[in-house]
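Observations on the model geometry
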Amino acid sequence: MSIVSALGHGQGGGGTSPAVAAPRRRARGGAYLLLAPGIAYLGLFFVIPVVALLVTSLYVPVPGGEVGQFAPAFEWRNYTAALATYWPQLVRSFAYAFVATVAALAIGYPMAYVIAVRARGRPFLQGLLLVLVIAPFFTSFILRTIAWKQILADESFVVSAIRAVGLLPPDGRLTATGFAVVAGLTYNFLPFMTLPIYANLERLDPRMLEAGADLYADGPTTFRRVTLPLSLPGVVSGTLLTFIPASGDFVNSVLLGNTSTTMIGQVVDSRFFKVSDYPTAAALSVVLMVAILVLVIAYVRRAGTEELL
Amino acid sequence: MTRPLPRGVPADPVVRALVRAQLASRSVSRRSVLAAGAGSAGVAALLAACGTGGTPGGQRSGPVEDRSADEKQVRWANWTLYLDYDDESQTYPTLERFTEQTGIEVDYAEDIDDNDAYYGKVQGQLANGQDIGQDIITLTDWMAGRVIRLGYTQPLDKANIPNASNLLPSLQDVSFDPGREHSLTWQSGFGGVAWNKAQVPNGIRTVSDLWAPELAGRVEVLSEMRDTVGLIMLEQGVDVAGEWGDDEFFAALEVLEQQISSGQIRQVKGNSYAEDLVSGDALAVIGWSGDITVLNFENGENWEFALPEAGGTLWSDNLMIPVGSPHKANAEALIDYYYDPEVAAEVAAYVNYICPVEGAREAMDAFDPSLAENPLIFPDDATLARSHVFRALSAEEETRYNDEFQSVIGN
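Residues numbered from 1 in each chain as written. Chains lettered and ligands numbered in written order. Predicted model: local features only at pLDDT ≥ 70, side-chain atom pairs only at ≥ 80, totals over all residues. Heavy atoms only, no water.

This paragraph deals with the overall build of chain B. A count of helical and extended segments in chain B gives 17 helices and 10 strands. The burial tally for chain B puts 61% of its 411 residues in the buried class. Sequence separation of 24 or more characterises 78% of the internal contacts of chain B that already satisfy a separation of 6 or more. Summed over its atoms, the accessible surface of chain B is roughly 15,000 Å², and 49% of this surface lies on carbon and sulfur atoms. (Helix = DSSP H or I, 4+ residues; strand = E, 2+ residues; numbered from the N terminus. Buried < 20%, exposed > 50% of the residue type's maximum accessible area, 1.4 Å probe, protein only. Contact = heavy atoms within 4.5 Å. Areas by Shrake-Rupley, 256 points an atom, 1.4 Å probe, with all protein chains shown as cover.)

Set out below in structure tokens:
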């Protein structure tokens, strides 16, 4: 927005004094003009599909029709039926996403803290660490998750080692379990947690920490009373960027889980492509969107950072 | 149904997985599209699929004009790794030769990695009689049956395909396309059982052998309903090609459900069960013949495939010309070319599935006798007699059975 207003201002500044009102109007018009591509893009690729999704979710099958043939209707029972059948997968998706988010926060916050605060003043180290955080993005996350399958395979040294120390029974396994799915989610979304927190801590004024020390706060207290509250916006964006895609993700569950770890994204996929049950697939997508929206609003309210939205 | 990797692809499972994933991402697979978030990207496909509601026959304006004579090209959508490929020159040798002989350029696309997903992608245009950008599509029996039934294909002019007479007698008359007026077989394959020879020394003779206690948690079955449920039905004495009904289907499904909930079955998968056989996570599977042939070639002769004593399933992929194709004559020329026994043998040597062309076995004998002897590529009559084609399902049955099957496998 600041670029837009700066541009508008520049234009207004070029106008002559009797025509003050006109440039101002032109300036506003310019701003809207710059928004047009975004609006058109979102209209085409977000609003229309969402409307289509809502409409489709209410369709009914044509009696005696072909596979995947449906007629327009207002069948609200599609929603109750979908929820009654698939609530376990829905609950599981949010539970997995929640655990993965907490784990990513526990792992990502210290990483972000070290890079932003401890490595401050050492640009080379800072840069290197940041590259390490971002490096996984250089290869497809599907490939990385496939690699996990090999690393965690029953015959792998990882599993043998864990069995040897008794953390896993002799016939225990890691792949095809809920644990592997959550671990995969945590790993895949870790940079989305780390980077926003880093961006936030990077702006942390060291004088705040000095002030904390001056007021006789020890390290942990300064962290708890100064650093953490100030980094909360970063934490909130990080958790949202992790939780939302993790709830809809299904790649981790497909590759690392099994039939008992099915997430809602897999159900949508199977309803759409395997059964050609488009209304249920659409209804579940709508439910997922609404559920995420409600959870996010509740969370942001509680975190007291509405200005983020 | 998904296809295995051919010879020439690195044996290291990790590198293989990379190659496979790269290939998969080349054509926009549904996995990668939907991976971005279950909702957003899938919606475009949703729009495409639901836009016209799939009216049988569709509203279209007469037959498409055949521009084959002016436009010397043909566009072919096939499954990944389903045609002879030369790694060094990065070309498809048989396709190159076809272009040399006929002057027709081939635009070959590995566009199909799932029958349902591909159908979802093109169904809207087919229903309107539009050109889907392909002149030949390659779909499995039951899906071929659906698109033919809906009038989405053009009848083949056999005068342009004289080699069609080389089609194996057992494939000449199929229930989904009587008289083969709209389709010709590309390749066929068996659904059966396979096991790790070192870890399962006694082998797997019946589907029930998969449920042995020592294999608990190390068994995987296919996510293709017709193969997994079909094999269990055969085990229960049902002829899957015959007139069975709900009772037989649900009796088999119950066995599957039991073995999943008891933890005997580790995972239900498409082609990727092959990776789990390599990693050792899976010791015995319900799988496809071609996959195991390739696995053995790449990773040493560690696995064995067999049709269970009660019989296995037989499926085929079929070449068809979609309604909107403006290059019908070119497409027919290409199909004719691949029904030449010499060419068919060359393809069979690469893809390792059952070759549907009479005379290809003799042609193969000339350059690789060991492959000509392979009963999984050129099955003898006794083997064929033990394999069965899952009967065609009505639309209502297909929806209901798929629905039940998907919920049993956790979806």
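Right, let's get into the pattern of salt bridges. In the structure shown here, the tally under the stated rule is 23 salt bridges over all chains. Between B:Glu398 and B:Arg226 there is a salt bridge, with its nearest N and O atoms 3.7 Å apart. Pair noted here: B:Glu398 is in helix H17 (residues 395-408) and B:Arg226 is in helix H8 (residues 225-235), with a separation of 172 residues, a long-range link. With a closest N to O distance of 3.0 Å, B:Arg391 and B:Glu397 form a salt bridge. For the pair shown, B:Arg391 and B:Glu397 are each scored as buried. What you see here is one network of salt bridges that share partners, running through A:Asp154, A:Glu155, B:Arg218, B:Arg266 and B:Asp281. (Salt bridge = Lys/Arg side-chain N within 4 Å of Asp/Glu carboxyl O.)

What follows deals with the side chain of B:Thr94. Note on placement: B:Thr94 falls in helix H4 (residues 93-102). Those residues in contact with B:Thr94 that sit more than four places away from it in its chain are B:Leu83, B:Asp84, B:Tyr337, B:Tyr338, B:Val343, B:Glu346 and B:Val347.

Next up on the list: the confidence of the model for chain A. Residues and elements named next belong to chain A. For chain A, per-residue confidence averages 87 on the pLDDT scale, and 89% of positions sit at 70 or higher. Confidence, expressed as mean pLDDT per element, reaches its minimum in chain A at helix H1 (residues 2-14) with 37 and its maximum at helix H3 (residues 77-118) with 96. Predicted confidence for residues 1-22 stays below pLDDT 50, and this span has 8 contacts to residues more than four positions away or in other chains. (pLDDT = per-residue confidence, 0-100.)

This part takes up the domain arrangement of chain A. Often, the extent of an interface is quoted as the loss of accessible area upon association of its parts. All names here are of chain A. Parsing chain A into structural domains produces domain 1 (1-56) and domain 2 (72-308). Contacts between the two partners involve 4 residues from domain 1, matched on the other side by 7 residues from domain 2. Carbon and sulfur atoms supply 79% of the area that domain 1 and domain 2 bury against each other, a total of about 460 Å² over both sides. If you sort the residues of domain 1 by the area they bury against domain 2, Leu53, Leu54 and Thr56 come out on top, with a joint share of 83%. (Domains from an automatic or database assignment. Buried area = accessible area lost by both parts, 1.4 Å probe.)

Quick look at the pairing of strand E3 (residues 136-140) of chain B now. If a strand is regular, its side chains alternate between the two faces of the sheet. Residue and element names in this part refer to chain B. Among the 5 residues that make up E3, 5 are buried, leaving the element largely enclosed by the rest of the structure. Looking at chain direction, strand E1 (residues 73-79) and E3 are connected through 2 bridges and run parallel. Bridged to tryptophan 76 within E3 is isoleucine 136. Where E3 meets strand E9 (residues 312-320), 4 bridges bridge the pair, whose relative direction is antiparallel. Of the residues in E9, the one forming a bridge with threonine 138 is leucine 319. (Pairing = 2+ DSSP bridges.)

Structurally, B:Arg146 can be placed in helix H6 (residues 141-149). Sequence-wise, B:Arg146 and B:Ser394 are 248 residues apart; in three dimensions their C-alpha atoms are separated by 9.5 Å. In this structure B:Arg146 touches A:Glu66, A:Val67, A:Ser276, B:Asp116, B:Tyr119 and B:Glu398, once residues within four positions along its chain are discounted.

This part takes up the side chain of B:Gln187. If you trace the backbone, B:Gln187 turns up in strand E4 (residues 183-196). Once residues within four sequence positions are removed from consideration, B:Gln187 is found in contact with B:Tyr82, B:Trp315, B:Ser316, B:Asp317, B:Val347, B:Val351, B:Tyr353, B:Ile354, B:Cys355 and B:Pro356.

What follows concerns the packing of helix H5 (residues 115-127) of chain B against H6(B). Residue and element names in this part refer to chain B. The N-to-C vectors of H5 and H6 enclose an angle of 20°; their axes lie 10 Å apart at closest approach. Regarding the angle of H5 to H6, the classification is roughly parallel. The hand of the H5/H6 crossing is right-handed. Contact residues: H5 offers Asn115, Asp116 and Tyr119, while H6 offers Trp142, Met143, Arg146 and Val147. Looking at the contact of H5 with H6 residue by residue, the classes come out as 4 nonpolar, 1 polar and 2 charged. (Axes fitted to C-alpha atoms, helices over the stretch in contact; angles between N-to-C directions. Parallel < 35°, antiparallel > 145°, perpendicular 65-115°, else oblique. Left-handed = near helix turned anticlockwise from the far one by under 90°. Nonpolar A, V, L, I, M, F, W, Y, C, P; charged D, E, K, R; others polar.)

All names here are of chain B. Under the defined criterion, the tally for this structure stands at 29 aromatic pairs over all chains. Look at tyrosine 92 and tyrosine 108: their rings are 4.7 Å apart centre to centre, the planes differ by 65°, and that puts the pair in the edge-to-face class. Pair noted here: tyrosine 92 is in the loop between E1 and H4 and tyrosine 108 is in strand E2 (residues 105-112), with a separation of 16 residues, a long-range link. Summarising the burial analysis for this pair, tyrosine 92 and tyrosine 108 share the class buried. Ring centres of phenylalanine 249 and tyrosine 401 lie 4.0 Å apart, and the angle between their planes is 15°; on these two criteria the pair is classed as stacked. On the criterion of sequence distance, the pair formed by phenylalanine 249 in helix H9 (residues 246-261) and tyrosine 401 in helix H17 is long-range, its members being 152 residues apart. Counting every residue linked through ring pairs, the aromatic cluster contains Trp76, Tyr82, Tyr85, Tyr92, Phe98, Tyr108, Trp186, Trp288, Trp315, Tyr337, Tyr338 and Tyr353. Its end group placed over the ring of tyrosine 119, arginine 146 keeps NZ or CZ at 4.7 Å from the ring centre. Note that arginine 391 overlies the ring of tryptophan 244, its terminal NZ or CZ placed 4.2 Å from the centroid. (Phe/Tyr/Trp six-rings, centres within 6.5 Å; stacked < 30°, edge-to-face > 60°. Lys NZ or Arg CZ within 6 Å of the ring centre and 35° of its normal.)

Right, let's get into the nonpolar core. What tends to happen in soluble globular proteins is that the nonpolar side chains get buried as a cluster. In terms of nonpolar packing, the biggest core is built from 123 residues, with B:Trp76, B:Leu256 and B:Tyr338 touching the most fellow members. Among the elements that line this core, the one with the most residues is helix H13 (residues 341-351) of chain B, at 8 residues. With 53 residues, the next largest nonpolar core counts A:Tyr59, A:Tyr96, A:Val268 and A:Val300 among its residues. (Core = buried A, V, L, I, M, F, W, Y, C linked by side-chain atoms within 4.5 Å.)

So, on to unusual backbone geometry. All names here are of chain A. The backbone phi angle of alanine 176 is positive, close to 60°, even though this residue is not glycine. Within the fold, alanine 176 resides in the loop between helix H6 (157-164) and helix H7 (178-202). Exposure remark for alanine 176: the relative accessible area of 7% places this residue in the buried category. Despite not being glycine, tyrosine 216 shows a phi value in the positive range, around 65°. Its relative accessible area of 78% is what places tyrosine 216 among the exposed residues.

A few words now on a negative patch on the surface. On the surface, B:Glu358, B:Glu362, B:Asp365 and B:Glu373 cluster together into a negatively charged patch. Within the secondary structure, B:Glu373 sits in the loop between helix H15 (369-372) and helix H16 (381-385). (Patch = residues over 30% accessible without salt bridge, like charges linked within 9 Å, V, L, I, M, F, W, Y side chains within 5 Å. Lys, Arg positive; Asp, Glu negative; His and termini not counted. Charge placed at Lys NZ, Arg CZ, Asp CG, Glu CD.)

By the criterion of burial, helix H12 (residues 328-338) of chain B is predominantly enclosed, with 9 of the 11 residues buried. Regarding H12(B), the residues found buried are B:Lys328, B:Asn330, B:Ala331, B:Glu332, B:Leu334, B:Ile335, B:Asp336, B:Tyr337 and B:Tyr338.

On the surface, a nonpolar cluster with roughly 890 Å² of combined accessible area is contributed by A:Tyr41, A:Leu42, A:Leu44, A:Phe45, A:Phe46, A:Val47, A:Ile48, A:Val51 and A:Val55. For A:Val47, the location among the structural elements is in helix H2 (residues 21-56).

What follows covers the environment of B:Thr293. Turning to its location among the elements, B:Thr293 is positioned in helix H11 (residues 289-299). Note on B:Thr293: relative accessible area 14%, which makes it buried.

Let's shift gears to the pairing of E4(B). Residues and elements named next belong to chain B. With 14 of 14 residues buried, E4 is to be regarded as a mostly interior element. Across 8 bridges, the pairing between E4 and E9 is antiparallel. Residue pairing for E9: threonine 185 is matched across the bridge by asparagine 318. Bridge count for E4 against strand E7 (residues 284-288) is 5 bridges, and the pairing is antiparallel. Within E7, the position partnered with tryptophan 195 by the bridge is alanine 284. Pairing between E4 and strand E8 (residues 303-306): 4 bridges, direction antiparallel.

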